[in-house]
Amino acid sequence: MSDPRIDFDIHACPSPAYVVDDALLRRNLERLGQVQKDSGAKILLALKGFALWDSFPLVRKYLVGTTASGQDEARLGAETFGGEVHVYSPAFSEAEMAEVLRYADHLSFNSPNQWRRHRDTVSAAPRRVSCGLRVNPEHSTGAVALYDPCAAGSRLGTRAGDLAPDDLKGLEGLHFHTLCEQNSDALEETLAAFEQKFGQYLADLNWVNFGGGHHITRDDYDLERLVRVIRDFRARHPHLEVYLEPGEAIALNTGYLVATVLDIVDNNGPIAILDTSATAHMPDVQEMPYRPGIIGGAHPGEKAHTYRLGGMTCLAGDVIGDYAFDAPLNIGDRLVFTDMAHYTMVKTTTFNGIRLPSICRIDETSREIRTVRTFGYIDYMQRLS
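Keep in mind the model is a prediction, meaning the values are calculated, not measured.

K.L.:
Outline the pattern of salt bridges, listing residues and values.
P.N.:
By the definition in use, this model includes 25 salt bridges. Two residues, Arg127 and Asp105, come together in a salt bridge whose shortest N-O distance is 3.0 Å. Taken as a pair, Arg127 in the loop between helix H5 (112-123) and strand E6 (130-136) and Asp105 in the loop between helix H4 (94-100) and strand E5 (106-109) lie far apart in primary sequence, 22 residues in all. A relative accessible area of 28% means that Arg127 is categorised as partly exposed. Note that Glu188 and Arg228 form a salt bridge whose closest N and O atoms lie 3.0 Å from each other.

This is how it looks when you write it as structure tokens:
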């Protein structure tokens with residue numbers, strides 16, 4: 001496949017493979033680094049979105065640390081990234097808390113009850129950990145209910161009306177995470193709701209975490225507004241450290257999924273079966289749902305030849321979507337899906353025993369592809385017993 005947007009050899013990697021472009025990754029990191037400089041906020045890498053630790057020597061040149069959703073992400077951040085390690089979970093068991101305290105610098109609890117349950121353990125830990133509470137500003141700005149922590153009945157964060165006078169005793173910060181793939185206007189709205197509901201507590205705290213969902217590296221993102229919103233907040237509360245923890249923005253539009261056409265069948269139109277899977281390798285296609293881009297592909301009917309692209313699993317609904325191409329597809333052709341660095345590698349499964357895609361990186365200057373990791377039978381077998 002020839003396309004001016006591809007300046008690397010798509011046949012130089014295994015198939016299927018996630019391929020991360022270091023030049024594009026650095027471009028995002030430079031923008032995030034500039035936001036830190038201009039706003040005074042600190043930006044963390046949310047490992048739930050992007051955890052390609054082979055790239056962390058590059059990422060940590062720009063960001064101050066990582067944020068984790070539990071003990072294993074916390075350990076990964078501490079051991080492979082360094083810097084600050086922030087941890088939040090809807091609930092911690094005693095065993096997990098003991099492990100988390102080995103790595104966390106900041107720890108956000110989901111409820112006052114969780115804080116009360118674990119605060120003696122935190123106090124007895126051999127290293128100091130700054131603790132905070134995740135709160136729910138009850139201000140929804142997202143369009144997809146599945147990703148709205150402020151939806152009615154949400155389990156994520158404590159509402160202002162559910163806080164008692166002593167619930168924040170011993171805590172040093174507040175954390176809210178309400179956005180998903182949104183611009184800075186949504187943050188500005190949410191921050192106003194947060195200050196209206198929780199502003200009374202800020203004078204006694206040391207930090208506030210604005211969470212993730214900030215699409216900072218998207219082309220149409222309003223960086224000027226973001227910087228203004230953060231600087232204005234810091235001017236109102238000069239004693240507070242401000243954190244942001246995007247996962248998607250770090251790796252947005254930096255990677256690809258290279259796949260191969262294995263067969264072509266017909267059922268009310270041609271169906272190309274690929275060596276990848278929506279179900280196992282790009283689950284957000286079905287969960288979000290969304291339609292991934294393909295280099296050289298278009299919507300059905302916009303080009304001469306339209307195909308349904310299906311995956312390898314036995315699930316009847318393992319369908320990536322319908323795409324049109326200038327020329328007919330042939331067995332052995334490689335297709336390149338775009339924007340496949342975030343929420344892909346971290347969410348894959350070995351359903352049906354299908355092997356995970358390899359992981360590759362494109363060198364910034366030589367444009368050569370290096371295969372970081374391949375997966376095989378042992379990776380599947382060791383997940384079972």
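That was the structure; now back to the text.
K.L.:
Describe in detail the packing of aromatic side chains, supporting the description with residues and values.
P.N.:
Inspection of the entire model under this criterion finds 9 aromatic pairs. Plain terms: the ring middles of Phe8 and Tyr256 are 5.3 Å apart, the flat faces sit at 45° to each other, and that makes the pair tilted. Linking Phe8 in the segment before strand E1 (17-21) with Tyr256 in strand E11 (residues 255-266), this pair joins segments that are 248 residues apart in sequence. In this structure, Phe8 and Tyr256 share a single accessibility class: buried. Ring pairing ties together the aromatic residues Phe176, Phe194, Phe198, Phe210 and Phe233, which thus form one cluster. Directly above the ring of Tyr323 sits Arg291, whose terminal nitrogen or CZ lies 3.9 Å from the centroid.

K.L.:
Could you give me a rundown of the packing of helix H1 (residues 22-39) against helix H7 (residues 223-236), with the residues and numbers involved?
P.N.:
Axis angle and axis distance: for two packed helices, these are the angle between their axes and the distance between the axes, and together they describe the pair. It is at 9 Å that the axes of H1 and H7 come closest, and there the two elements cross at 35°. Seen along the crossing, H1 lies across H7 with a hand that is right-handed. Packed against H1, whose contacting residues are Arg31, Val35, Asp38 and Ser39, the element H7 presents Leu223, Leu226, Val227, Ile230, Arg231 and Arg234 at the interface. Here the contact of H1 with H7 is composed, by residue class, of 5 nonpolar, 1 polar and 4 charged.

K.L.:
If you had to explain the UniProt feature "domain: Orn/DAP/Arg decarboxylase 2 C-terminal" (unreviewed entry) in the protein to someone new, which residues and values would you point to?
P.N.:
According to UniProt, the positions carrying the feature "domain: Orn/DAP/Arg decarboxylase 2 C-terminal" (unreviewed entry) are residues 21-340. In this annotation, residues 21-340 is assigned 29% helix and 23% strand; the end-to-end C-alpha distance for the span is 11 Å.

K.L.:
Run through a nonpolar patch on the surface, naming residues and quoting values.
P.N.:
Residues Tyr377, Ile378, Tyr380, Met381 and Leu384 make up a contiguous nonpolar surface patch of roughly 470 Å² in combined accessible area. Relative to the helices and strands, Met381 is located in helix H11 (residues 377-381).

K.L.:
Tell me what's going on with the environment of Thr344, and back it up with residues and numbers.
P.N.:
Relative to the helices and strands, Thr344 is located in the loop between strand E15 (334-338) and strand E16 (358-362). Sequence spacing of Thr344 and Tyr18 is 326 residues, and the spatial spacing of their C-alpha atoms is 8.5 Å. Those residues in contact with Thr344 that sit more than four places away from it in its chain are Tyr18 and His281.

K.L.:
I'd love a proper account of the domain arrangement of the protein, names of residues and values included.
P.N.:
Taken as a whole, the protein is organised into domain 1 (23-250) and domain 2 (255-340 + 355-382). Domain 1 puts 11 residues into the contact, and the matching count from domain 2 is 10 residues. Carbon and sulfur atoms make up 53% of the surface buried where domain 1 meets domain 2, a total of about 900 Å² over both sides. In terms of surface lost to domain 2, no three residues of domain 1 exceed Ala23, Asp54 and Tyr147, which account for 45% of the buried area on that side. In this assembly, domain 1 and domain 2 are joined by 3 salt bridges.

K.L.:
Summarise the state of the cysteines; cite the residues concerned and give the values.
P.N.:
Each disulfide is one covalent bond, formed between the sulfur atoms of two cysteines. The final tally for this structure, using the stated rule, is 0 disulfides. Looking at the unpaired Cys150, the closest cysteine sulfur is the one in Cys180, lying at 12 Å. Residue Cys180 is classed as partly exposed on the basis of its relative accessible area of 24%.

K.L.:
An account of the side chain of Asp22 is needed here, citing residue identities and associated values.
P.N.:
Structurally, the position occupied by Asp22 is in helix H1. Given the relative accessible area of 10%, Asp22 is considered buried. Excluding anything up to four places from it in sequence, Asp22 contacts Leu58, Arg361, Ile362 and Glu364.

Definitions and limits used
- Within each chain, residue numbers correspond to sequence positions counted from 1 in written order.
- Owing to the predicted nature of the model, reporting of local features is limited to residues with pLDDT of at least 70; listing and counting of side-chain atom pairs is limited to 80 or more, with chain, interface and lining totals taken over all residues.
- Side-chain calculation: all heavy atoms of the structure are included, whereas hydrogens and water are not.
- By salt bridge we mean one thing: a side-chain nitrogen of Lys or Arg within 4 Å of a carboxyl oxygen of Asp or Glu.
- Helix and strand assignments follow DSSP, with helices taken as H or I runs no shorter than four residues and strands as E runs no shorter than two, numbered in order from the N terminus.
- A 1.4 Å probe rolled over the protein chains alone gives each residue an accessible area, and that area as a share of the maximum for its type sets the label: buried under 20%, exposed over 50%, partly exposed in between.
- Pairs were defined over the aromatic rings of Phe, Tyr and Trp, the Trp ring being its six-membered one, requiring ring centres within 6.5 Å. Orientation was assigned from the angle between planes: stacked under 30 degrees, edge-to-face over 60, tilted for the rest.
- Over a ring means this: the NZ of a Lys or the CZ of an Arg is within 6 Å of the ring centre and within 35 degrees of the ring normal.
- Between N-to-C directions, angles cover 0 to 180 degrees, with each direction set by a line fitted to C-alpha atoms, over the stretch in contact for helices.
- Handedness of a crossing is defined here by the sense of rotation of the near helix relative to the far one, left-handed for an anticlockwise turn of less than a right angle and right-handed for a clockwise turn.
- Any pair of residues with heavy atoms lying within 4.5 Å of one another is described as a contacting pair.
- Any residue that is not Ala, Val, Leu, Ile, Met, Phe, Trp, Tyr, Cys, Pro, Asp, Glu, Lys or Arg is counted as polar, Gly included; the first ten are nonpolar and the last four charged.
- UniProt positions are given in the numbering used here, feature names are shortened, and annotations may be inferred rather than shown by experiment.
- A patch is a set of surface residues, each over 30% in relative accessible area and not in a salt bridge, joined within 9 Å for like charges and within 5 Å for the nonpolar side chains Val, Leu, Ile, Met, Phe, Trp and Tyr.
- Surface accessibility follows the Shrake-Rupley procedure with a 1.4 Å probe radius. Residue values consider only the protein chains on display as shielding.
- Source of the domain bounds: an automatic or database domain assignment.
- Accessible area, probed at 1.4 Å, shrinks when two parts are joined; the buried area is that loss added up over both.
- Disulfides are defined as cysteine sulfur pairs within 2.5 Å.

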